[in-house]
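Summary of structural features
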Amino acid sequence: MTETDVAETEQERFEVARQIEAPASKIFEVLRDPKGHVAIDSSGMLQSSNGAPVDEVGDTFVVHMDRESLNDIPLGKYDVTVIITEYEQDALIEWTISGVIQPPIGHLYGYRLEPKETGTLVTSYYDWSRIHEAYRGKGIFPIIPEAGLRATLGILARTVEQGQQGQQG
């Protein structure tokens, strides 16, 4: 990999981290559950889901989307299939999607969880460095801004920390 390749890859990936005061196992339960993805989404695109919580690479579930929330591309309501590409219980979950746009785009989303003394350091990432050539140069990436990842981490923290406070009180 050349220096140029590294620079391009860095420009085609966001990573944001947040300390969350909850155990990794509790956070991971939200992240592996299709309903959890909908509940913590800050973009407004994820409307509902079908499917069971995932357990391994290759597992899938369906998310019902509404692109009007972003008001960027007139897709309206549509479905995507979330395909798990990396999975390590309580530590890592990554996925790509396949949907109405074909060939599949090839962008990746994921979370890494690192237990700490006061909870878990959660890193959220969005990587479009390996998108299909058909989508390069179209000016559509990133679809979700870095601030969207930060907002989703905030919603995730609120979701799991509220449960923690109830257990402690």
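Residues numbered from 1 in each chain as written. Predicted model: local features only at pLDDT ≥ 70, side-chain atom pairs only at ≥ 80, totals over all residues. Heavy atoms only, no water.

**A few points about the overall build of the protein chain**
The cut-off we apply is this: Under the DSSP-based scheme used, a helix requires at least four consecutive residues in state H or I and a strand at least two consecutive residues in state E, with every element numbered from the N terminus. For every residue, the accessible area obtained with a 1.4 Å probe (protein chains only) is divided by the maximum for its type, and the residue is called buried under 20%, exposed over 50%, and partly exposed between those limits. The contact criterion used throughout is that any non-hydrogen atoms of two residues lie within 4.5 Å. Only the protein chains shown count as cover for residues, and all accessible areas are computed by the Shrake-Rupley method using a 1.4 Å probe.
Secondary structure summary: the protein chain contains 4 helices and 7 strands in total. Mapped from its N terminus to its C terminus, the protein chain presents α and β elements in the order α-β-α-α-β-β-β-β-β-β-α. Across the 169 residues of the protein chain, 42% fall into the buried class. Within the protein chain, contacts between residues separated by at least 24 positions form 51% of all contacts whose residues are at least 6 apart in sequence. Summed over its atoms, the accessible surface of the protein chain is roughly 9,000 Å², and 48% of this surface lies on carbon and sulfur atoms.

**Considerations on the sheet that holds strand β5 (residues 92-99)**
What counts here: Should DSSP find at least two bridges between two strands, the strands are taken to pair. Under this scheme, a helix contributes an axis fitted over its contacting stretch, all axes are lines through C-alpha atoms, and angles between N-to-C directions fall in the 0 to 180 degree range.
With antiparallel pairing, 7 strands are arranged side by side in an open sheet as β1-β7-β6-β5-β4-β3-β2. Of all strands in the sheet, those bounded by a partner on one side alone are β1 (13-20) and β2 (46-50). For this sheet, the mean inter-axis angle between neighbouring strands, taken without regard to orientation, is 25°. Where β2 meets strand β3 (residues 60-66), 4 bridges bridge the pair, whose relative direction is antiparallel. Bridging from a neighbouring strand, asparagine 50 pairs with valine 62 of β3.

**A closer look at the pattern of salt bridges**
Heads up, the rule is: The term salt bridge refers to a side-chain nitrogen of Lys or Arg lying within 4 Å of a carboxyl oxygen of Asp or Glu.
Tallied over the full model, the rule gives 9 salt bridges. Arginine 13 is the partner of glutamate 15 in a salt bridge, and the nearest nitrogen-oxygen pair spans 2.9 Å. Given a relative accessible area of 25%, arginine 13 falls into the partly exposed group. We note a salt bridge from glutamate 15 to arginine 112, for which the minimum N-O separation is 2.9 Å. One end of the pair, glutamate 15, is in strand β1; the other, arginine 112, is in strand β6 (residues 108-116), with 97 residues separating them in the sequence. Through salt bridges that share partners, Arg13, Glu15, Arg112 and Asp127 make up one connected network.

**A look at the confidence of the model for the protein chain**
Under the convention used in this document: Per-residue confidence from the predictor is reported as pLDDT, which spans 0 to 100.
Chain-level pLDDT for the protein chain is 88 on average; 90% of the residues reach the 70-or-more range. The least confident element of the protein chain, judged by mean pLDDT, is helix α1 (residues 3-11) at 46; the most confident is helix α2 (residues 24-31) at 98. This stretch, residues 1-9, has a pLDDT under 50; its non-local contacts, to residues over four places away or in other chains, come to 3 contacts.

**Thoughts on the packing of aromatic side chains**
To keep it simple, the criterion reads: Two aromatic rings, drawn from Phe, Tyr or Trp (for Trp, its six-membered ring), form a pair once their centres lie within 6.5 Å of each other, and the interplanar angle then sorts them: stacked below 30 degrees, edge-to-face above 60, tilted otherwise.
Across all of its chains, the model carries 6 aromatic pairs by this definition. Taking 5.1 Å as the distance between ring centres and 70° as the angle between the ring planes, the aromatic pair formed by phenylalanine 14 and tryptophan 128 counts as edge-to-face. Highlighted residues: phenylalanine 14 in strand β1 and tryptophan 128 in the loop between β7 (119-127) and α4 (146-168), separated in sequence by 114 residues. For the pair formed by phenylalanine 14 and tryptophan 128, the shared burial category is buried. Where tyrosine 126 meets tryptophan 128, the ring centres are 5.1 Å apart and the plane angle is 40°; that geometry is what we call tilted. The exposure class assigned to tyrosine 126 is buried, which follows from its relative accessible area of 0%.

**Considering the nonpolar core**
Formally: Here the nonpolar core consists of buried residues drawn from Ala, Val, Leu, Ile, Met, Phe, Trp, Tyr and Cys, with membership extended through side-chain atoms lying within 4.5 Å.
Of all hydrophobic cores here, the largest spans 41 residues; its most connected members are Ile27, Ile93, Tyr111, Tyr126 and Leu156. Among the secondary structure elements, those contributing two or more residues to this core are β1, α2, β3, β4 (77-88), β5, β6, β7 and α4. Tallying contributions element by element places α4 first for this core, with 6 residues. Not counting residues within four places of it along the chain, the set of residues in contact with isoleucine 93 comprises Phe28, Leu31, Arg32, Val54, Ile84, Glu86, Tyr87, Tyr109, Gly110, Tyr111 and Tyr125.

**Brief notes about the environment of histidine 64**
Take histidine 64: it is sitting in strand β3. With 14 residues separating them along the chain, histidine 64 and tyrosine 78 place their C-alpha atoms 6.0 Å apart. Sequence-distant contacts of histidine 64, defined by excluding residues within four places in its chain, comprise Met45, Leu46, Gln47, Ser48, Ser49, Asn50, Tyr78 and Asp79.

**With respect to α2**
Since there are 3.6 residues in each turn of an α-helix, residues three or four apart along the chain are aligned in direction. As a reminder, the rule being used: Within this analysis, the arc is defined by the directions that extend from the helix axis to the C-beta atoms.
The complete set of buried residues in α2 reads Ala24, Ile27, Phe28, Val30 and Leu31. Looking straight down α2, one finds its buried side chains confined to an arc of 155°; they lie on one side.

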